[in-house]
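So the chains spell out like this:
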Amino acid sequence: MTTAGQVIRCKAAVAWESGKPLSIEDVEVAPPQKDEVRIKILFTSLCHTDVYFWDAKGQDPLFPRILGHEAGGIVESVGEGVTDLQPGDHVLPIFTGECKECRHCLSEESNMCDLLRINTDRGTMIHDGKSRFSINGKPIYHFLGTSTFSEYTVVHVGQVAKINPSAPLDKVCVLSCGISTGFGATVNVAKPKNGQSVAVFGLGAVGLAAAEGARVSGASRIIGVDLNPNRFEEAKKFGVTEFVNPKDHNKPVQEVIAEMTGGGVDRSVECTGSIQAMISAFECVHDGWGVAVLVGVPNKDDAFKTHPMNLLNERTLKGTFFGNYKPRSHIPGVVEKYMNNELELDKFITHSVPFSEINKAFEYMLRGEGLRCMIRMDA
């Protein structure tokens, strides 16, 4: 029996208002329109970004909404004009896109698609400005164009990476956001050479993925910087060799790192969003060749302040978005790295819950327990 072209009724976890537990509801999911794909989600995980917009502090709240953006699933049907995906394909929906036509997509240097770049305020589909989700005729807003906390979702084709069907979706789904962001920040942007030293600020999932990138690149020293000493044991599994807690020192952490390394690390990656950590990450790299990469998202009123001599002394400051990966072109290859045992993912997944207990995943993250909680949609 085919469901193509028909409305699908299924379960979704709806955020009705800021900070309130998600509610499992029966929703109606409309068929995909032009350049859209409807996906049956099999596994989804919780990322800090979901919690940030669920909590809705510091941005314009948009409710009711179906959150979720780290997931793996199978294409159920495709809309008009979609030629490179078909029902049955294994895919990762991704919060940013690749239209393959704009100046960014045509540039080898950028992954910041003009059409499909992340937009946290948009709660509808680009094609017609309408939602594909509804309950009793009332529209429910989308999130990041993905809304994976639903058994079925509709996503723009440019935000869908087609992957190896033999890859386990309950593992590789974490590549659709945080792990690719951190890993790519190191291997694609910081680019440490074999034997160099790397400092990673923030040892959450993204920071540990950055450390994993440093380990894979052959870094000789990987210095983890975090305010939580409980994170160091976990971090060792990701190649972190030394730990610095800024609270343990009565001078700026960049000075501590400079002393430890004879003038500074070769590369640093900042994964906290704290403006002070960003400044420290830049100022702790060695003059002459040091490169600092900013990954964390700052508050909207933050300003980055450093003395211009830090730049004139040949330190480089870079930013990155989604690890500089183009979703459709590059993420299938990152999945292959996992399949070839060049990248470990299992250690990022510390908890697992059935979809009916999705609020437990929020509790784990709010308590700072574990890294990624896998949510099984069929359970």
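Please read all numbers here as calculations on a predicted model, not as lab measurements.

1. Quick word on the sheet that holds strand 7 (residues 138-140)
At step 1: Pairing in this open sheet of four strands is antiparallel, and the strands run 1-2-6-7 from one edge to the other. Edge positions in the sheet fall to strand 1 (8-14) and strand 7, since each of these pairs with one other strand and no more. The average angle at which neighbouring strand axes cross in this sheet is 50 degrees, direction not considered.
At step 2: Pairing of strand 1 with strand 2 (residues 23-29), which is carried by seven bridges, proceeds in the antiparallel orientation. Counterpart to Val14 in the pairing with strand 2 is Ser23.

2. Here's the deal with the UniProt feature "domain: Alcohol dehydrogenase-like C-terminal" (unreviewed entry) in the chain
At step 1: Under the UniProt annotation, "domain: Alcohol dehydrogenase-like C-terminal" (unreviewed entry) lies at residues 205-334.
At step 2: With 37% helix and 15% strand, residues 205-334 has end C-alpha atoms that lie 17 Å from one another.

3. What about the pattern of salt bridges?
At step 1: Counted according to the given criterion, the structure contains 24 salt bridges.
At step 2: Salt-bridge contacts for Arg132 lead to Asp128; the nearest nitrogen and oxygen are separated by 3.0 Å.
At step 3: Judged by its relative accessible area of 4%, Arg132 falls in the buried class.
At step 4: The salt bridge involving Lys337 is made with Glu342; its shortest N-O contact spans 3.8 Å.
At step 5: Residues participating in the shared-partner salt-bridge network are Glu212, Arg215, Glu344 and Lys347.

4. Considering the nonpolar core
At step 1: If you look at the biggest cluster of nonpolar residues, it comprises 99 residues, and the most contacted ones within it are Leu92, Phe149, Val172, Leu175 and Leu345.
At step 2: Looking at this core, the element that brings in the most residues is helix 5 (residues 205-216), giving seven residues.

5. Some remarks on the pairing of strand 2
At step 1: Relative to strand 6 (residues 133-135), strand 2 is paired through two bridges, and the arrangement is antiparallel. Across the sheet, Val29 pairs through a bridge with Phe133, a residue of strand 6.

6. Observations concerning the sheet that holds strand 15 (residues 316-319)
At step 1: An order of 12-11-10-13-14-15 is seen for the six strands of this open sheet, with the pairing classed as parallel. Every other strand in the sheet has two partners, leaving strand 12 (242-244) and strand 15 as the edge strands with one partner each. Put simply, the sheet's adjacent strands are angled 20 degrees from each other on average, direction ignored.
At step 2: Two elements, strand 10 (residues 197-201) and strand 11 (residues 221-225), share five bridges in a ladder whose sense is parallel. Its bridge partner lying in strand 11, Ala199 is registered against Ile223.
At step 3: Against the sheet, helix 8 (residues 275-283) touches strand 10, strand 13 (267-270), strand 14 (291-294) and strand 15, its axis set at about 170 degrees to strand 13.

7. Side note on the environment of Glu314
At step 1: Along the chain, Glu314 falls in the loop between helix 9 (309-312) and strand 15.
At step 2: The exposure class assigned to Glu314 is exposed, which follows from its relative accessible area of 52%.
At step 3: With residues up to four places along the chain from it excluded, the contact list for Glu314 reads His286, Asp287, Gly288, Trp289 and Gly290.

8. Section: helix 7 (residues 253-261)
At step 1: Turning to helix 7, its buried residues are Val253, Gln254, Val256, Ile257 and Thr261. Each buried residue of helix 7 sits inside an arc of 155 degrees when the element is viewed along its axis, so together they form one side.
At step 2: Those residues of helix 7 that are buried lie in contact with strand 10, strand 11, strand 12 and helix 8.
At step 3: Backbone geometry just after helix 7 places Gly262 at a positive phi near 70 degrees.

9. With respect to the packing of aromatic side chains
At step 1: According to the stated counting rule, one finds ten aromatic pairs in the structure shown.
At step 2: The interplanar angle of 80 degrees and the centroid separation of 5.2 Å between the aromatic rings of Phe95 and Phe322 together place this pair among those described as edge-to-face. Of this pair, Phe95 sits in the loop between strand 5 (90-93) and helix 2 (103-106) while Phe322 sits in the loop between strand 15 and helix 10 (327-339), placing them 227 residues apart in sequence. Judged on exposure class, the residue Phe95 and its partner Phe322 are both buried.

10. Details of unusual backbone geometry
At step 1: Cis geometry marks the peptide bond from Phe63 to Pro64, where omega comes out at -5 degrees.
At step 2: Following the sequence through the fold, Pro64 ends up in the loop between helix 1 (48-55) and strand 4 (70-78).
At step 3: Of note in the backbone geometry, Asp35 takes a positive phi value of approximately 65 degrees without being a glycine.
At step 4: Its location among the elements puts Asp35 in the loop between strand 2 and strand 3 (36-45).
At step 5: At Phe322, a position not held by glycine, the phi torsion is positive, near 50 degrees.

Thresholds, definitions, all that
Here the residue numbering is sequential within each chain, running from 1 through the sequence in written order. Owing to the predicted nature of the model, reporting of local features is limited to residues with pLDDT of at least 70; listing and counting of side-chain atom pairs is limited to 80 or more, with chain, interface and lining totals taken over all residues. Values reported for side chains reflect all heavy atoms of the structure, with hydrogen atoms and water molecules removed beforehand. The pairing criterion for strands is at least two bridges between them, as found by DSSP. What counts as a helix is a DSSP run of H or I of at least four residues, what counts as a strand is a run of E of at least two, and both are numbered from the N terminus. Lines are fitted to the C-alpha atoms to define the axes, a helix being fitted only along its stretch in contact, and any angle between axes, read from their N-to-C directions, falls within 0 to 180 degrees. UniProt positions are given in the numbering used here, feature names are shortened, and annotations may be inferred rather than shown by experiment. Salt bridges are counted wherever a side-chain nitrogen of Lys or Arg sits within 4 Å of a carboxyl oxygen of Asp or Glu. Three exposure classes are used, based on accessible area relative to the maximum for each residue type with a 1.4 Å probe and protein chains only: buried under 20%, partly exposed in between, and exposed over 50%. We call a set of buried Ala, Val, Leu, Ile, Met, Phe, Trp, Tyr and Cys residues a nonpolar core when their side-chain atoms join them within 4.5 Å. Working rule for contacts: check all heavy atoms of both residues, and any pair within 4.5 Å makes them a contact. The arc in question is traced by the directions running from the helix axis to the C-beta atoms. Two aromatic rings, drawn from Phe, Tyr or Trp (for Trp, its six-membered ring), form a pair once their centres lie within 6.5 Å of each other, and the interplanar angle then sorts them: stacked below 30 degrees, edge-to-face above 60, tilted otherwise.

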